[in-house]
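Overview (structure and organization)
Here is how the chains run, residue by residue.
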Amino acid sequence: MKEKSLTREEVRIKIEKLRKEIERHDQKYFLENAPVISDYEYDRLMKQLKDLEALHPDLVTLDSPTQRVGEKPLESFSSVRHAIPMLSIENTYSHEEVLEFHQRIQKVFPNEEIHYVVEPKIDGLAILLKYENGVLTLGATRGDGFTGDDVTSNIKTIHSIALKLSGKKWPSLLEVKGEVYMDHFGFKKFNQEREKASEAPFANPRNAASGSLKLLNPRETAQRPLTFFAHGMARCEGLQFETHSQALRALQSYGVRVVEHYKKCDSIQEVLACCDAWEEKRKELLYDIDGRVIKVDSFRIQNLLGSTSKSPRWVIAYKYQAQSAVTLLENIVLQVGRTGTLTPVAQLTPVELCGTTVSRATLHNRDEIERKDIRIGDRVRIEKGGEVIPKVVGVVLEKRPSMSKPFKFPTACPECGSLVVRDESEVAIRCQNASCPAQLKRSLEHFASRKAMDIEGMGERLVDQLVNQKLVCSVPDLYRLKLEDLMPLERMGEKSSQNLLEALEQSKKRSLHRFIFGLGIRHVGIHAAEILAMKYREMEAVINASCEDLEATHEIGSVMAKSIFSFFHTKENIQMMSRLEKSGLCMKDYEIASRKKDETLSGKVFVLTGILKSLSREEAGQLIKTLGGRVSSSVSRSTDYVVVGEDPGSKLKKAKEWKIKILDEEEFLKFFKK
Ligand code: IVH
C-alpha cells in the first residue's frame with residue numbers, strides 16, 4: 001500500500017511509465033522477436049500496473065496494456081460499414097497472366113516506369129484496424145466487403161496488434177489493412193489441446209483463426225494463439241505518402257507489425273523472379289502463404305487505375321499450387337470412434353511434405369474412397385493446405401498396378417467383428433455393437449478427459465490395458481477398481497495406482513455439466529451439456545425429460561433432443577446411470593446446489609464505494625452473489641446497502657440523503673463470517 005502516500009500526479013506518472021515499459025517489451029517480444037526480460041519479469045510489471053489501476057480506476061485508459069482482455073462476453077457483434085470498401089484481389093496462376101496484368105497497366109501509362117511491391121499472400125482473415133489520434137478504436141472483419149463485424153474486443157487480445165501507435169508523427173486517422181492468422185506452432189499446440197479436451201480439431205490455421213475471432217467471449221479469444229500482419233493502409237488523414245512501400249515503412253515506424261519479406265521490384269521480370277523464388281522458400285516460413293500479392297507501388301498510379309466492382313486494377317495475386325507429394329498407399333485401415341463410426345485411414349510409404357514426414361492420411365469415409373476410386377497399391381497424391389492431417393486428393397492412374405481391385409469396405413467391425421451399418425441420412429458407417437472394445441476405450445477416454453470428469457492419469461495406455469484385461473467392461477466399472485487390480489498393470493506402481501483411485505474419487509464430485517458431457521451422448525458437446533445442467537439442475541430431471549421439453553430448450557435442436565432422449569431410454573444406459581449413482585457420483589449440480597443453500601441476501605441490492613482494505617471490489621461482488629444478493633453500480637431508491645471503504649465518492653452522500661443503510665467494511669464482512 002506504498003502507493004497511498006503518492007500524490008495523484010505521482011501515481012499518474014508512475015502508471016504512464018509502467019505502460020511505456022510494457023509497450024516497449026511487447027514491441028521487443030512480438031515485433032522484433034527479441035525479448036529482453038523474462039516472462040516472469042514481464043508479468044510482474046503487468047501486475048504492478050494492474051494493482052495501481054485498480055486503486056485508481058479513473059486513471060485507466062482504453063489503450064492501457066491491461067485493457068487487452070475485456071470483462072464481459074458480448075451478446076452479438078455489431079455491424080460496421082467500411083469507409084472504403086474492402087475489395088478482393090484477382091487471382092492469377094501463371095507468368096503469362098502476370099505479364100498481361102503488367103501490359104494492361106503499361107498501356108494506360110506508356111511513358112512511365114511501373115514499380116511494384118511483391119508481398120506474401122497471408123492465408124488468414126482480412127481485418128481492418130482503425131487508429132484515432134494514435135489509439136486503436138476499432139477492429140472489423142471484411143464481411144461482404146461493405147459491412148463487417150465489429151470485433152474490437154477480440155482484436156485487442158492479440159498482442160502483436162498495437163493498442164497505441166508508437167513514434168511521434170502518425171496521422172490523426174489511420175486505417176490499417178491486414179490479416180489475422182495462426183502460425184504453425186500455435187495451431188499445432190492449440191489443436192492438440194482441443195483433442196485432449198475431446199473437442200474437434202480445426203481443419204487448418206485459417207479456420208482456427210476465423211473461428212477464434214467469431215467467439216463472443218474475448219477471454220476465450222485471448223487464449224487462442226492469434227497473430228497479425230499489416231499489408232497496407234486504407235484511410236490516412238493528416239499525413240500523405242507517395243508510395244505503398246513508403247506507407248509500409250511508416251506503419252513499421254508506428255509499431256505496426258507489417259508483412260515480412262516484401263520486396264520493391266523495378267521491373268515485371270524482377271516481380272516474376274521474386275514470385276518463383278518464394279514458391280520453394282515458403283516452406284521455411286512459420287505460417288501459411290498461398291501466393292504472392294503484386295501491387296503497383298505509386299499511389300498516384302493506383303488512384304488513376306481505380307477498381308472494377310470486385311477488385312482494384314493495381315493489384316493481383318499470384319497463387320501457388322497447393323503443396324503436394326506422391327507416394328504409395330500401402331494399406332487402408334479402419335479406426336473405430338467413440339460412437340462406433342468407422343473412419344478409413346491411408347497408411348502411406350513415408351514421404352516429406354511441407355517439412356514434416358507424412359505416413360498417414362485420412363480418407364474420410366466410404367463414399368470418398370468410392371468417388372475417387374482409391375485402391376490399395378495405388379500411387380496417391382497427398383496434399384496439405386495447412387491441415388493437421390493431410391488428405392489424399394487423387395490417384396495417379398498411370399501408375400496403377402494392373403491387378404488392382406476396388407477397395408471393399410468391410411462389412412464387419414475390425415475390432416469386434418460385429419456387423420457394421422450405414423446410418424440413414426449420413427455418410428458414416430458404424431459398428432452397432434454397444435460393447436465393442438474399441439468404442440468402450442474411446443468412451444472411457446472421453447469420460448475421463450479434461451473437460452469431462454477430468455480423471456488425472458487415465459490416459460490411452462491405461463484405458464487400453466483396463467479394457468484388454470477385462471478389468472473394465474463399462475464406465476461404472478471404473479469406480480469398482482481396487483488397488484490390487486491396478487498395481488500389476490504396466491507403468492502402475494503403488495503410488496500411481498493410489499493416485500488414480502484418488503482421482504476417481506475426486507471425479508465423483510464433478511459438476512453436472514461435465515458429467516453429462518462425459519457420457520458422450522451423440523451431438524452433445526460441452527456447451528449443450530452446460531445448457532442442460534443449467535436448465536434441469538439434476539441428472540434425474542435430464543433423464544426424465546421428454547423429447548418435447550428437451551427440444552423446447554434454447555439452443556437444443558430436434559436432432560440433439562432425440563439423441564438425448566434415446567440415450568436415456570436405452571436399457572444399457574439406464575443400468576449404467578443407476579450403477580453410477582450407486583457408486584456415489586454426484587447427480588446434482590454441485591456448484592449450483594451449494595450456492596443455493598444460503599440465500600441470506602436474496603434480492604438485496606448492494607452498492608460499493610471507496611477502497612476496501614481486505615478485498616477487491618470484484619471479490620466483494622462475488623461474496624454478495626454467493627448469498628443471493630446483487631451489486632449495482634449506482635445508488636438508487638432500490639438500493640438496500642451502501643458499503644463504504646476509504647475515500648468514498650459521491651455515492652455516500654446520496655446514500656445519506658436517501659437514508660439508505662450504510663455499512664463499513666467490518667459490518668459488511670459480518671454477513672459472511674458464518
Ligand atoms: S492487399 C484490395 N495484401 O487476400 C485488396 N491482401 O484474396 C487489398 N491478403 O482480402 C488487399 N495477404 O485479406 C493484400 N499481402 C497482402 C495480403 C492480402 C493476404 C488477403 C486479403 C484479401 C484477400 C484476397
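Residues numbered from 1 in each chain as written. Predicted model: local features only at pLDDT ≥ 70, side-chain atom pairs only at ≥ 80, totals over all residues. Heavy atoms only, no water.

1. Considering the overall build of the protein
Scanning the protein from N- to C-terminus turns up 25 helices and 22 strands. Reported as C-alpha extents along the three principal axes, the dimensions of the protein are approximately 90 × 85 × 50 Å. Within the span of the protein, comprising 674 residues, buried residues form 45% of the whole. Taking the intrachain contacts of the protein between residues at least 6 apart in sequence as the baseline, contacts between residues at least 24 apart amount to 67%. For the protein, the computed accessible surface area is about 35,800 Å², with 50% contributed by carbon and sulfur atoms. (Helix = DSSP H or I, 4+ residues; strand = E, 2+ residues; numbered from the N terminus. Buried < 20%, exposed > 50% of the residue type's maximum accessible area, 1.4 Å probe, protein only. Contact = heavy atoms within 4.5 Å. Areas by Shrake-Rupley, 256 points an atom, 1.4 Å probe, with all protein chains shown as cover.)

2. Re the site of the ligand
Taken together, 13 residues lie around the ligand, and Glu119, Pro120, Lys121, Glu179 and Lys295 are the ones closest in. One of the side-chain nitrogen or oxygen atoms of Lys121 is found 3.0 Å away from an oxygen atom of the ligand. For the ligand, a nitrogen atom lies 3.4 Å from a polar atom in the side chain of His231. Across the complex, the protein chains shield 88% of the 520 Å² of accessible surface that the ligand would expose by itself. Broken down by secondary-structure element, the contributors of at least two residues to the shell around the ligand are strand S3 (116-122), strand S7 (173-181) and strand S10 (289-296). (Near = heavy atom within 4 Å. Polar contact = N/O pair within 3.5 Å; in protein donor to acceptor, adjacent residues only side chain to side chain.)

3. Some details on the sheet that holds S10
Here we have 5 strands laid out as an open sheet, ordered S2-S11-S10-S3-S9, and mixed in their pairing. A strand with exactly one partner marks an edge of an open sheet, and here the two such strands are strand S2 (90-92) and strand S9 (263-265). Within the sheet, the average angular offset between the axes of one strand and its neighbour, ignoring direction, is 35°. Summarising the sheet, S2 and strand S11 (residues 315-319) pair through 3 bridges and their orientation is parallel. By the bridge assignment, Thr92 is partnered in S11 with Tyr318. (Pairing = 2+ DSSP bridges. Axes fitted to C-alpha atoms, helices over the stretch in contact; angles between N-to-C directions.)

4. As for the packing of aromatic side chains
Tallied over the entire structure, the rule returns 14 aromatic pairs. Look at Phe567 and Phe568: their rings are 5.1 Å apart centre to centre, the planes differ by 80°, and that puts the pair in the edge-to-face class. Phe568 carries the same exposure label as Phe567, and that label is buried. Look at Tyr641 and Phe671: their rings are 5.6 Å apart centre to centre, the planes differ by 70°, and that puts the pair in the edge-to-face class. In this pair, Tyr641 is assigned in strand S21 (residues 641-644) and Phe671 in helix H25 (residues 665-673), connecting sequence segments 30 residues apart. (Phe/Tyr/Trp six-rings, centres within 6.5 Å; stacked < 30°, edge-to-face > 60°.)

5. Regarding the side chain of Thr639
In this fold, Thr639 is placed in the loop between strand S20 (630-632) and S21. A polar contact is formed between the side chain of Thr639 and the backbone nitrogen of Ser636, at a distance of 2.8 Å. Those residues in contact with Thr639 that lie beyond four places of it in its chain are Val605, Val607, Ser634 and Ile660.

6. A closer look at the state of the cysteines
Scanning all chains against the criterion turns up 0 disulfides. Cysteine Cys416 is unpaired, with the sulfur of Cys431 as its nearest cysteine sulfur at 3.7 Å. Given a relative accessible area of 28%, Cys416 falls into the partly exposed group. (Disulfide = S-S within 2.5 Å.)

7. A closer look at the pattern of salt bridges
Oppositely charged side chains can form a pair if their charged atoms are brought close together. Within this structure, the stated rule accounts for 25 salt bridges. Salt-bridge contacts for Glu112 lead to Arg300; the nearest nitrogen and oxygen are separated by 2.8 Å. With Glu112 in the loop between helix H3 (95-108) and S3 and Arg300 in helix H10 (residues 299-305), this pair connects stretches of sequence that are 188 residues apart. Note on Arg300: relative accessible area 46%, which makes it partly exposed. Its salt-bridge partner being Asp367, residue Arg422 comes within 2.9 Å of it at the nearest N-O pair. Of this pair, Arg422 sits in strand S17 (residues 420-422) while Asp367 sits in helix H11 (residues 366-372), placing them 55 residues apart in sequence. Several salt bridges share partner residues, and in doing so they unite Asp373, Arg375, Asp378 and Arg400 into one network. (Salt bridge = Lys/Arg side-chain N within 4 Å of Asp/Glu carboxyl O.)

8. Quick word on the environment of Pro476
Mapped onto the elements of the fold, Pro476 is located in the loop between helix H13 (460-468) and helix H14 (483-486). A residue is classified by how much of its surface remains accessible, and Pro476, at 1% relative accessible area, is buried. Taking C-alpha positions, Pro476 is 55 Å from Arg637, a pair spaced 161 residues apart along the chain. Sequence-distant contacts of Pro476, defined by excluding residues within four places in its chain, comprise Met576, Arg579 and Leu580.

9. Notes on the pairing of S7
Each regular strand shows side chains that alternate between the opposite faces of the sheet. Of all 9 residues in S7, 8 are buried; the element is thus mostly enclosed. Direction of pairing for strand S4 (residues 125-132) relative to S7: antiparallel, over a ladder of 8 bridges. The residue bridging Ile127 from the neighbouring strand is Gly178, located in S7. Bridge analysis of S7 against strand S8 (residues 227-237) gives 8 bridges, and the strand direction is antiparallel. From the neighbouring strand, Leu173 faces S8, where its bridge partner is Glu237.

10. Let's talk about the packing of helix H12 (residues 437-448) against H13
Contact geometry of H12 with H13 gives a least axis separation of 10 Å together with a crossing angle of 135°. Here H12 is positioned oblique relative to H13, judged by the angle of their axes. Two packed elements cross with a definite hand, and for H12 against H13 that hand is right-handed. Across the interface between the two elements, Pro437, Leu440, Lys441, Leu444 and Glu445 from H12 touch Glu460, Val463, Asp464, Val467 and Asn468 from H13. For the contact of H12 with H13, a count of residues per class yields 5 nonpolar, 1 polar and 4 charged. (Parallel < 35°, antiparallel > 145°, perpendicular 65-115°, else oblique. Left-handed = near helix turned anticlockwise from the far one by under 90°. Nonpolar A, V, L, I, M, F, W, Y, C, P; charged D, E, K, R; others polar.)

11. Some thoughts on the pairing of S4
Across the 8 residues that make up S4, a large majority, 6, are buried. Pairing of S4 with strand S5 (residues 135-141), which is carried by 6 bridges, proceeds in the antiparallel orientation. Directly across from Lys130, in S5, lies its bridge partner Leu138. Connecting the antiparallel pair S4 and S5 is a turn made up of 2 residues, with Asn133 showing a positive phi of about 50°.

12. Brief notes about unusual backbone geometry
Positive phi values are uncommon outside glycine, yet Asn133 reaches one of about 50°. Residues other than glycine seldom take positive phi values, yet His523 does so here, at roughly 75°. Relative to the helices and strands, His523 is located in the loop between helix H16 (512-518) and helix H17 (526-536).

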